[in-house]
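Descriptive structure summary
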Amino acid sequence: MTLLIKNGEIITADSRYHADVLCEDGTITRIDDDIDPPADAEVIDADGKYVFPGFIDPHTHIHLPFMGTFAKDDYTTGTKAALCGGTTTLIDFVIPGKDEAPKEALETWREQSEGNACSDYTYHMAVTRFDDEVEAQLRDIVDDGLTSFKVFLAYKGAFGIDDEELYRTLELAEELDVVVAAHCENAEMVSALQNKLYDAGKTGPEWHEPSRPVEVEAEGTRHICSMAEVTGAEIYIVHLSCADALEEAVEAKMRGVNVHVETLIQHLLLDESYAQHEDFVEAAKFVMSPPLRAGDNFEVLWAGFENGLIDTLGSDHAPFDTEQKKMGRGDFRKIPNGIPSLEDRVRMFYTHGVATGRVDLHRFVEVASTRAAQVFGLFPRKGTIQPGADADIVVFDPDYEGTIRADTHNMNVDYNPFEGMTVRGRCDAVTVRGTVQVRDGEFVGEEGIGKLLKR
Ligand code: URP
Ligand code: ZN
Ligand code: ZN
């Protein structure tokens, strides 16, 4: 299959130029001025458009058994929505139950994804227990190409592990040269605060944030950084939401800790007031962990993108619908945590970061694509436009203006946290290894062509 993208302006993390891109058999084979279309080629005219490398979401939960229910997307709906938003590769999480073996959980996630995903994907392997059996299986899993672990400092009694397990996980990661992604909230403090608030009759969604304040996240961040300092492991702080936690990560960086930082589009745009709505369901839609914060954190996080202190932009897509959110009526501790955001991650960042002049185009590509590929062993196959790379390309119309609506989005969930907000730009055409999966912003492609990427 041959595809020629003509007349566009190619933007990567470090270059910007007009050229044509020829893609053959899934790979970019030539980038040049005015390439003549081969006889069998499909031609996409990208005149007036940006040509970006496919975006990479380093943090999604498509299959997610959590808090007594399951997130709503499956690999077909989730990856279609991702593609419509320009994401051509996502990194999901295999999360074993406490008594489950890692390989058993991996098999479950593979069954869910294989033959269903429409974009490429890979997995972070969560470590929810550490013993000799788990260690042996993790070694095999890394050998087989899944080269990042995930640990939860939060979620006591569910996915969380204790300090000894954490230490051993980091030691193993250092030995095997794999990155450890970490959810950084002190579980003991969360649990104590949750129960104290609940027992005092503070039961609504507005108490979710006070039960996991910024100090709790900063402490979790400091904790994992200290462990990484001692073990020498490379770590990746997921969904960092506030200035206090960023300070801890930056201090650790200055001490030489090998730490990367991710924040989420929602933590750049939505503040805590969304979860304080007087209507329970409206508020519960915005319950996630770490929680939405006071708006004065926004500037610090945006600056983190500008000055390089934050590496990547994720979505932490974890869609629970309004019926599921009602599970926590009368007890905020039972509201399924998470929001749907993988479809809107890139365009909301473009709208509020690039179109406002806050973040330049190269940095945009870097944080929404290239850096994740570099940190997680996918570069330069993914994350850039160059001969030899996979032909994952986004033809982006910067002049488009639209409005986000749940009734037109592609995620399998009945609300959108950005409902009614204006967006600038649209992913007109999106390709996965040379197959056109999106045209005019709509999924038109082949289901099930997504591959599990070994790293
Ligand atoms: O609230 C969230 N973030 N839900 C998804 C699970 C996680 O902690 O990432
Ligand atoms: Zn998390
Ligand atoms: Zn997550």
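Use the structure listed above.
Residues numbered from 1 in each chain as written. Chains lettered and ligands numbered in written order. Predicted model: local features only at pLDDT ≥ 70, side-chain atom pairs only at ≥ 80, totals over all residues. Heavy atoms only, no water.

Before going further, it helps to spend a moment on the pairing of strand β10 (residues 120–126). Across the 7 residues that make up β10, a large majority, 7, are buried. Of the two faces of β10, both are covered, the one formed by D120, T122, H124 and A126 as well as the one formed by Y121, Y123 and M125. Bridge analysis of strand β9 (residues 87–94) against β10 gives 6 bridges, and the strand direction is parallel. Bridging from a neighbouring strand, T89 pairs with D120 of β10. For the crossover that starts at β9, traverses helix α2 (residues 102–113) and ends in the parallel β10, the hand is right-handed. (Buried < 20%, exposed > 50% of the residue type's maximum accessible area, 1.4 Å probe, protein only. Helix = DSSP H or I, 4+ residues; strand = E, 2+ residues; numbered from the N terminus. Pairing = 2+ DSSP bridges. Right-handed = clockwise from strand over helix to strand, strands pointing away.)

Right, let's talk about the environment of V395 for a bit. Mapped onto the secondary structure, V395 falls in strand β16 (residues 393–403). According to the relative accessible area criterion, V395 is buried, its value standing at 3%. Along the primary structure V395 and L193 are separated by 202 residues, whereas in three dimensions their C-alpha atoms are 47 Å apart. Apart from the residues within four sequence positions on either side, V395 is in contact with I5, I44, A46, K49, Y50, R426, C427, D428 and A429. (Contact = heavy atoms within 4.5 Å.)

Look at the link from S289 to P290: it is a cis peptide, with omega at -10 degrees. Backbone geometry at D34 places phi at a positive 45 degrees, although glycine is not the residue there. Its place among the elements puts D34 in the loop between β3 (27–32) and β4 (42–45). According to the relative accessible area criterion, D34 is exposed, its value standing at 59%.

Attention now goes to the site of ligand 1. Neighbouring ligand 1 are H59, H61, F66, Y155, H183, H239, M288, S289, D316, A318, N337 and G338. Here an oxygen atom of ligand 1 and a side-chain polar atom of Y155 are 2.6 Å apart. One of the backbone N or O atoms of S289 is found 2.8 Å from an oxygen atom in ligand 1. Taken by itself ligand 1 offers 270 Å² of open surface, and the protein chains cover 99% of this. Grouping the amino acids of the shell around ligand 1 by side-chain chemistry returns 4 nonpolar, 7 polar and 1 charged. (Near = heavy atom within 4 Å. Polar contact = N/O pair within 3.5 Å; in protein donor to acceptor, adjacent residues only side chain to side chain. Areas by Shrake-Rupley, 256 points an atom, 1.4 Å probe, with all protein chains shown as cover. Nonpolar A, V, L, I, M, F, W, Y, C, P; charged D, E, K, R; others polar.)

So, on to the coordination of the zinc ion (ligand 3). Protein-derived ligands of the zinc ion (ligand 3) are H59 (NE2), H61 (NE2) and D316 (OD), with the metal-ligand distances lying across 2.0 to 2.1 Å. Coordination at the zinc ion (ligand 3) comes from 4 donor atoms whose angles at the metal span 84 to 139 degrees, giving a geometry best classed as irregular. One chain supplies every donor to the zinc ion (ligand 3), and in sequence these donors are spaced H-x1-H-x254-D. The metal-metal distance between the zinc ion (ligand 3) and the zinc ion (ligand 2) is 3.8 Å. As far as the burial class goes, H59 and H61 line up, both buried. (Donors = N, O, S within 2.8 Å, 3.2 Å for Na, K, Ca; no water. Tetrahedral: all angles 85-135°; square planar, octahedral: opposite > 155°, others 65-115°.)

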